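Below are the chains, spelled out letter by letter.
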Amino acid sequence: MSEETKIPYKIYLDESEIPDSWYNVRADMPVKPAPLLNPATGAPLTAEEMSGIFCEELVAQELDNDTAYIPIPQEIRDFYKMYRPAPLVRAYCLEKALGTPAKIYYKFEGNNTSGSHKLNSAIAQAYYAKKQGLKGVTTETGAGQWGTALSMACAYLGLECKVFMVKVSYEQKPFRREVMRTYGADVTPSPSTTTAVGRKILEEHPGTTGSLGCAISEAVEVATSTPGYRYVLGSVLNQVLLHQSIIGLEAKAALDKYGVKPDIIIGCAGGGSNLGGLISPFMGEKLRGEKDYRFIAVEPASCPSFTRGKFAYDFCDTGKICPLAKMYTLGSGFIPSPNHAGGLRFHGMSSTLSQLYHDGYMEAKAVEQTAVFEAAEQFARIEGILPAPESSHAIRVAIDEALKCKETGEEKTILFGLTGTGYFDMVAYQKFNDGEMSDYIPTDEDLAAGFKGLPVVPGQE
Ligand SMILES: *Cc1c(COP(=O)(O)O)cnc(C)c1O
């Protein structure tokens, strides 16, 4: 039997093979990600300080740089069983269409109503909030996937959910908003006049269409000023990468079944949660010196945190009320050009991934959105799935790497994360189909303006 017939199009794991622990890549990192700092004192944030914003158990996960495996509570595993294990797909059809000797696999996380991987962390965060006896949670959402995922998790557990949605998305994606409301969430366009920080941002930037950074500021303000509430975040934080490790653990278990070892692992990077989750167990092997892999983070050229950002302490939010994180950042005041339709618009990046990138364990590529939508269209027509614009960044680079193999004749194995579906992104697809999509790459001057707002932190250059 040839290898081609041995490996099925879809490798499903059995329900019992859903991992029973998350994997914490920080445990194997020689240099740990820098701690979050209190912006007022410049000192590392203590668990006590954090617990005013986040749930206690999540604070413990955030600060734990040493425990490699953290058990997944049974209630969360039960919820996971409704939509996991997620399939690992061998993209035979795409390989054939490209005429490449490369072997392409993708881990598909779009098989749930929220349409993305975000549900993996939403259910975990909602579970710990419920366990703590809280009344509700607040959050921000950009494109809407995180808000939808959190609404679903809160509805399931009977928690209240207040979502600040970036205004441009709120207007462009009314159906997203209605999905959230159907799951019981309260959705406010951000910046809004319902918070002090929102009013301040509106005063300084009248007519702004918002950004994730603004929405975070508003959500944090409401969480810290409403009794029984905490704030939850869908990406960037260590705890979110931890929950998302389920993606990589399942992918690895599926590949191991067939003795397949990827050479290149590719994921799109917004705040870094899906990429961090996908690569974690493989990165662990690399960090422990057991195996080698190439890891590629793919980001939009219009919001190039890794490839053109600075590795520095910065605010996670525009209103500068959140703790400081050391990360690759474009500055918390950076707002991507309004023509940017492709998601992944956060100015910063996960501290864990930033440290790994800084230490040379990972590469990064920036791609332009028209090239991303070309890849999305090609993928949709060949593999059938309508990909989210965010996911399509990874598709772009996976196709590019496969085409390189075609030139060199190398039979590399490529694994990429297909984080979600694009049904709610049809305004962006419409622009592309009408030939009205353009690329905008910020100039050095544009970026310099964002860097000027970086906070001065003692001991930082
Ligand atoms: C949110 C999202 C992303 C980007 O977020 P990360 O935290 O970087 O993973 C990518 N793809 C989809 C479908 C998303 O919803």
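Residues numbered from 1 in each chain as written. Predicted model: local features only at pLDDT ≥ 70, side-chain atom pairs only at ≥ 80, totals over all residues. Heavy atoms only, no water.

Participant: For this particular structure, what's the right way to read helix α12 (residues 238-257)?
Facilitator: Residues three or four positions apart in an α-helix share a direction because the helix packs 3.6 residues into each turn. For α12, which comprises 20 residues, the first-to-last C-alpha distance of 29 Å matches the rise-based estimate of 28 Å (1.5 Å per residue) to within 8%. Where α12 bends most, at Gln244, the angle is about 30°. Most of α12 is tucked away: 17 of the 20 residues are buried. (Helix = DSSP H or I, 4+ residues; strand = E, 2+ residues; numbered from the N terminus. Expected span 1.5 Å × (residues − 1). Bend = angle between axes of the 7 residues up to and from the residue. Buried < 20%, exposed > 50% of the residue type's maximum accessible area, 1.4 Å probe, protein only.)

Participant: What should I look at first to understand the layout of surface pockets in this one?
Facilitator: Taken as a whole, the largest pocket spans an internal volume of roughly 830 Å³. Around the largest pocket, the lining comprises 49 residues; the ones closest to its centre are Ala143, Gly343, Leu344, Arg345 and Glu390. Among the elements of the structure, β6 (136-141), α7 (145-157), α8 (167-172), α11 (212-225), α13 (273-287), α17 (389-408) and α18 (426-433) are those that each provide at least two residues to the lining of the largest pocket. A domain-level breakdown of the lining of the largest pocket finds at least three residues from each of domain 1 (3-20 + 74-115 + 242-451) and domain 2 (21-28 + 46-70 + 118-231). The computed volume of the second largest pocket comes to approximately 240 Å³. Those elements that provide at least two residues to the lining of the second largest pocket are α10 (196-204) and α19 (444-452). No other element matches α10, which puts 4 residues into the lining of the second largest pocket. Across the lining of the second largest pocket, the residue classes tally to 4 nonpolar, 7 polar and 3 charged. (1 Å grid on protein atoms, 1.4 Å probe; cavity = no way out; pocket = protein on both sides within 12 Å on 5 of 7 lines; lining within 4 Å. Points joined across faces, edges and corners; volume = space filled by probe spheres on them. Domains from an automatic or database assignment. Nonpolar A, V, L, I, M, F, W, Y, C, P; charged D, E, K, R; others polar.)

Participant: Would you explain the site of the ligand in this entry?
Facilitator: Close to the ligand lie 18 residues, the nearest being Lys118, Ser235, Ser273, Asn274 and Thr419. Here an oxygen atom of the ligand and a backbone polar atom of Gly270 are 2.7 Å apart. A distance of 3.0 Å is found between an oxygen atom of the ligand and a backbone nitrogen or oxygen belonging to Gly271. Applying the majority rule of atoms within 2 Å of the grid points places the ligand in the largest pocket. For the shell around the ligand, the secondary-structure elements that each account for two or more residues are α13 and α17. Its residues assigned to classes, the shell around the ligand shows 4 nonpolar, 12 polar and 2 charged. (Near = heavy atom within 4 Å. Polar contact = N/O pair within 3.5 Å; in protein donor to acceptor, adjacent residues only side chain to side chain. Sits in = over half its atoms within 2 Å of the grid points.)

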